[in-house]
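Each chain is listed here by its residues.
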Amino acid sequence: MSLLSLPPGAAHLWYVDPDAVDDWYLRAAYHSVMSPEEARQQARFRFIEGRHEYLVTRALVRAVLSAYAPVAPRDWVFVRNSHGRPEIAGPNGAPRLRFNLSNTRGLVACLVARGREVGLDVEDTHRRGETVSIADRFFSPFESASLRRLPAYRQRDRFFDYWTLKEAYIKARGMGLAIPLDHFSYHLDEGGPIRISFEPALPDDPSRWQFSLTSIGGRHRVATAIERRPDEGTIAVEMFRCLPFEDVPPKA
């Protein structure tokens, strides 16, 4: 089977509805490629939904990486950095692919690129819970004020815009919540590309990052943060719906 092309100036986002994986053969195939450590982690989930979502997540990342490299899905080796982000550790000679994973109820996604940091977050906007009060506690004062200036009926949607973008950035940096969420702000009311600014306590260059924000199925918000090289143009982000081990090439 020929490998898929992933140009240097592109990033690919693959996604799957875990509820669509209801074939026993596919589930067995997913189990067969997990490492012993992954199998132990899956068994720790208390509820069957969590075990299934984890199974699909591990199958997705292994299938996606193998779409671009001559490596069998079961042969990928992963490690976590000091902040818990998974990264490729093997096999020897594997290409310089970078990836990031995110999952929520009804959606599992993987973002992959070559030789650049990437971050991804997906959220179920139908879930219950506080929104604006969370923004007041954890977002920057600029973002919180911008959120509250909106009509009440728009605040929940804007909250998820901010939340997914913030998660995508801290995951791209590989530092998770070691980066305080109020140390950087997104500017979403100005038209044009999504902009970011940083507090002095968080040194970074806004031009280093490209962000995107979209929705899937009207229910899930999806945000990406992709590292850009100096003077580089826009990075093309393509999205593919797939079932791991069944759709290659993936369904658009």
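Computed from a predicted structure; not experimentally measured. Per-chain numbering applies: the sequence of each chain, read as written, is numbered from 1 onward. Only residues with pLDDT of at least 70 get local features here, since the model is predicted, and only at 80 or more are side-chain atom pairs given and counted; chain-wide, interface and lining totals rely on the full set of residues. The basis for the side-chain values is all heavy atoms of the structure; hydrogens and waters are excluded.

Okay, the overall build of the chain next. Put simply, DSSP marks the helices as runs of H or I at least four residues long and the strands as runs of E at least two long, and each gets a number from the N terminus on. Helix and strand counts for the chain come out as six helices and 11 strands. Its C-alpha atoms give the chain principal-axis dimensions of roughly 50 × 45 × 35 Å. Relative accessibility under 20% of the residue-type maximum defines a buried residue, over 50% an exposed one, and the middle range a partly exposed one, all with a 1.4 Å probe and only protein chains included. Going through the 252 residues of the chain one by one, you find that 48% of them count as buried. The Shrake-Rupley method, run with a 1.4 Å probe sphere, supplies the accessible areas, and residue values consider only the shown protein chains as cover. As presented, the chain carries roughly 12700 Å² of accessible surface, and 52% of it is formed by carbon and sulfur atoms.

This part takes up the UniProt feature "domain: 4'-phosphopantetheinyl transferase" (unreviewed entry) in the chain. UniProt positions are given in the numbering used here, feature names are shortened, and annotations may be inferred rather than shown by experiment. Feature annotation in UniProt places "domain: 4'-phosphopantetheinyl transferase" (unreviewed entry) on residues 118–224, given in this structure's numbering. Taken end to end, residues 118–224 is 35% helix and 26% strand, and its first and last C-alpha atoms sit 7 Å apart.

Take the buried Ala, Val, Leu, Ile, Met, Phe, Trp, Tyr and Cys residues and link them wherever side-chain atoms come within 4.5 Å; each set so joined is a nonpolar core. Judged by nonpolar contacts, the single largest core of 31 residues is most densely connected at W14, Y30, L60, L65, Y68, F99 and V112. Only β1 (10–16), α1 (24–33), α3 (48–68), β4 (97–104) and β5 (107–114) provide two or more residues apiece to this core. It is α3 that contributes the most residues to this core, 10 residues altogether. What makes two residues a contact is simply this: any of their non-hydrogen atoms within 4.5 Å. Beyond its immediate sequence surroundings of up to four residues, V112 is in contact with L6, A11, H12, W14, V64, L65, Y68, L97, R98 and F99.

Within α1, burial applies to L26, A29, Y30 and V33. For α1, the buried positions fall inside an angular range of 100° around the axis, keeping them on one side. Here a polar contact is recorded for every N or O atom pair within 3.5 Å, except that within protein the pair must consist of a potential hydrogen donor and a potential acceptor, and residues adjacent in sequence are included only if both atoms are side-chain atoms. Two to three positions downstream of the cap, the backbone nitrogen of Y25 sits 2.7 Å from a side-chain oxygen, assigning the N-cap of α1 to D23. Working note: the arc is built from the helix axis to C-beta atom directions.

The working definition used for a salt bridge is a side-chain nitrogen of Lys or Arg within 4 Å of a carboxyl oxygen of Asp or Glu. By the definition in use, this model includes 19 salt bridges. Taking the shortest distance from any N to any O, the salt bridge between R98 and E117 comes out at 3.0 Å. Of this pair, R98 sits in strand β4 while E117 sits in the loop between β5 and β6 (118–124); the two residues are 19 residues apart in sequence, bridging distant segments of the chain. A relative accessible area of 23% means that R98 is categorised as partly exposed. Across the salt bridge formed by D161 and R158, the nearest N and O atoms sit 3.4 Å from each other.

Okay, the sheet that holds β1 next. Pairs of strands are assigned from DSSP output, requiring at least two bridges between the strands. Pairing is mixed in the open sheet, where four strands are placed in the order β4-β5-β1-β11. In the strand order of this sheet, the two ends are held by β4 and β11 (236–241), each with one partner. The sheet shows a mean angle of 20° between the axes of neighbouring strands, taken without regard to direction. Think of each axis as a best-fit line through the C-alpha atoms, taken over the contacting stretch in the case of a helix, with angles from 0 to 180 degrees between the N-to-C directions.

Glancing now at unusual backbone geometry. P91 follows G90 through a cis peptide bond whose omega is 10°. Secondary-structure assignment places P91 in the loop between β3 (86–90) and β4. Residue D231 is not a glycine yet carries a positive backbone phi of 65°.

With that out of the way, let us pick up the sheet that holds strand β9 (residues 209–216). The antiparallel open sheet is built from three strands, whose spatial order is β6-β10-β9. Looking at the sheet topology across the chains shown, the edges are occupied by β6 and β9. Taken pair by pair, the neighbouring strands of this sheet meet at an average axis angle of 15°, ignoring direction. Running at roughly 150° to β6, helix α6 (residues 152–172) makes contact with β6, β9 and β10 (220–227) of the sheet.

Right, let's talk about the environment of W24 for a bit. With respect to the element layout, W24 can be found in helix α1. A relative accessible area of 64% places W24 in the exposed class. C-alpha of W24 to C-alpha of L107: the two residues are 83 residues apart in sequence and 19 Å apart in space.

Let us now look at the pairing of β3. Sheet analysis places strand β2 (residues 77–80) next to β3, joined by four bridges and oriented antiparallel. Counterpart to V79 in the pairing with β3 is E87.

The next thing to look at is the side chain of S144. By secondary structure assignment, the location of S144 is in helix α5 (residues 141–149). S144 sits in the buried class, given a relative accessible area of 11%.

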